[in-house]
Amino acid sequence: MITSSQLKAENATRSDTVPAGDYYMQVLKAGQTLRILDLEGNQAADTLFYNADDPSERYSCMDTIREQGNVYLTAGTKLLSNDGNEMLEITADTCGRHDTLGGACSTESNTVRYAIEKKCMHACRDSWLLAVAENPQYGLSKQDITHNINFFMNVPVNKEGGLSFADGISGAGKYVELTAKMDVIVLLSNCPQLNNPCNAYNPTPVEMIIWD
Ligand SMILES: [Zn+2]
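Values in this document were obtained by computation on a predicted structure and should not be read as measured data.

So, how was this worked out
- Residues numbered from 1 in each chain as written.
- Predicted model: local features only at pLDDT ≥ 70, side-chain atom pairs only at ≥ 80, totals over all residues.
- Helix = DSSP H or I, 4+ residues; strand = E, 2+ residues; numbered from the N terminus.
- Rg over C-alpha atoms; globule rule 2.2 N^0.38 Å.
- Buried ≥ 20, exposed ≤ 12 C-beta atoms within 10 Å, placed from the backbone.
- Contact = placed C-beta atoms within 7 Å.
- UniProt positions renumbered as here; feature names shortened; annotations may be inferred.
- Pairing = 2+ DSSP bridges.
- Axes fitted to C-alpha atoms, helices over the stretch in contact; angles between N-to-C directions.
- Core = buried A, V, L, I, M, F, W, Y, C linked by C-beta atoms within 7 Å.
- Arc of directions from axis to C-beta.

## Some remarks on the overall build of the chain
Across its full length, the chain carries 3 helices and 10 strands. Listed N to C, the secondary structure of the chain is β-β-β-β-α-β-β-α-α-β-β-β-β in terms of helices and strands. For the chain, the C-alpha radius of gyration of 16 Å lies close to 17 Å, the compact-globule estimate for 212 residues. Its C-alpha atoms put the chain at 45 × 35 × 35 Å along the principal axes. Across the 212 residues that make up the chain, the buried fraction comes to 40%. Residue pairs in contact within the chain that sit at least 24 positions apart in sequence constitute 76% of those at least 6 positions apart.

In structure tokens:
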């Protein structure tokens, strides 16, 4: 569902540009709104959320899909935790649809999907592992890296239940906004993938903007 935001950039609390291949790790306080802005278009942003007070509670794609009865995420979607609590709500979306089934790229999946020699290519899972290693204050480790959301990524589900990575439906300047219902750790990998069309074979930066 296409829903525009009323929030104005000049009123934002902070704004960070995340280059392709880099990560973003910040606490979003309850009541704050985060905009993920696809600056140049057709970029995938692989994202995990944790309860900042107890990171063992985290985003659950199964609970979210089951409760909303829809495999795609868009404005109005409540992002639920593994404890069934509402962590965030998508409050604006000018892209229209986001994936939570395709998972994140890893060196292992690059090897299986593409070629053995892709093993050394940078992948989202590596960015997340670097993030948790460089930010021990959050108390996260490798075992906390679980299923995620791929904002802006187009992963159509066919009648047989199969998935494919298709050309993106996002464009330059499109965005998604999430309002936090609890204090959450946002862990985003701005995807460096070059082997499928999720980034149009040209990974580009995203902007992370927070309003109080
Ligand atoms: Zn990726």
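## Overview of the UniProt feature "domain: DUF1989" (unreviewed entry) in the chain
In the numbering adopted here, UniProt assigns the feature "domain: DUF1989" (unreviewed entry) to residues 17–185. Helix makes up 15% of residues 17–185 and strand 26%, whereas the separation of the span's terminal C-alpha atoms amounts to 17 Å.

## Remarks on unusual backbone geometry
Positioned with a positive phi, N42 is a non-glycine residue whose angle comes to about 60 degrees. Positive phi is not limited to glycine here, since F152 has a value of about 75 degrees. Tracing the backbone through its elements, the reader meets F152 in the loop between strand 7 (149–151) and strand 8 (174–180). F152 gets classed as buried once you count the C-beta atoms within 10 Å, which come to 27.

## Considerations on the sheet that holds strand 7
Strand order in the open sheet made by the 4 strands is 2-9-4-7, with antiparallel pairing throughout. The outermost strands of the open sheet, each flanked by one partner alone, are strand 2 (23–28) and strand 7. The mean angle between the axes of side-by-side strands here comes to 25 degrees, regardless of whether they run parallel or antiparallel. Bridge count for strand 2 against strand 9 (residues 184–190) is 6 bridges, and the pairing is antiparallel. Residue pairing for strand 9: Y24 is matched across the bridge by L188.

## A word on the nonpolar core
Grouped together as the largest cluster of nonpolar side chains are 48 residues, with contacts concentrated most on I36, A45, F49, V184, V186 and L187. With 5 residues, the single largest contributor to this core is strand 9. Residue contacts for F49: discarding those within four places in its chain leaves R58, Y59, L79, M87, L88, V184, I185 and V186.

## What to know about the pairing of strand 4 (residues 45–51)
Within a regular beta strand, the side chains point alternately toward one face of the sheet and then the other, so they alternate between its two faces. Across the 7 residues of strand 4, 6 count as buried, placing the element largely inside the fold. The pairing of strand 4 with strand 7 spans 3 bridges and is antiparallel. Residue pairing in the sheet places A45 in a bridge with F151 of strand 7.

## Observations regarding the sheet that holds strand 8
Spatially, 1-10-3-8-6-5 is the arrangement adopted by the 6 strands of the open sheet, whose pairing is antiparallel. For this open sheet the edge positions go to strand 1 (14–18) and strand 5 (78–80), each flanked by a neighbour on one side alone. Between one strand axis and the next, the sheet turns through 20 degrees on average, direction left out of account. Sheet topology places strand 6 (residues 86–93) next to strand 8; 5 bridges connect them, and they run antiparallel. In the strand pairing of strand 8, D93 is matched with V176.

## Quick notes on the pairing of strand 10 (residues 206–211)
Alignment of strand 1 against strand 10, held across 5 bridges, turns out to be antiparallel. In the strand pairing of strand 10, V18 is matched with V206. Sheet topology places strand 3 (residues 33–38) next to strand 10; 6 bridges connect them, and they run antiparallel. For L34, the partnering residue across the bridge sits in strand 10 and is I210.

## Considering the environment of S56
Relative to the helices and strands, S56 resides in the loop between strand 4 and helix 1 (61–68). For the pair S56 and T179, spaced 123 residues apart in sequence, the C-alpha to C-alpha distance is 21 Å.

## A short note on helix 3 (residues 124–134)
All buried positions along helix 3 are accounted for by C124, R125, S127, W128, A131 and V132. What you see down the axis of helix 3 is that its buried residues fit within an arc of 160 degrees, all on one side. For helix 3, exposure combined with an orientation more than 90 degrees from the buried face picks out A133 and E134. For helix 3, the secondary structure elements touched by its buried residues are strand 2, strand 4 and strand 9.

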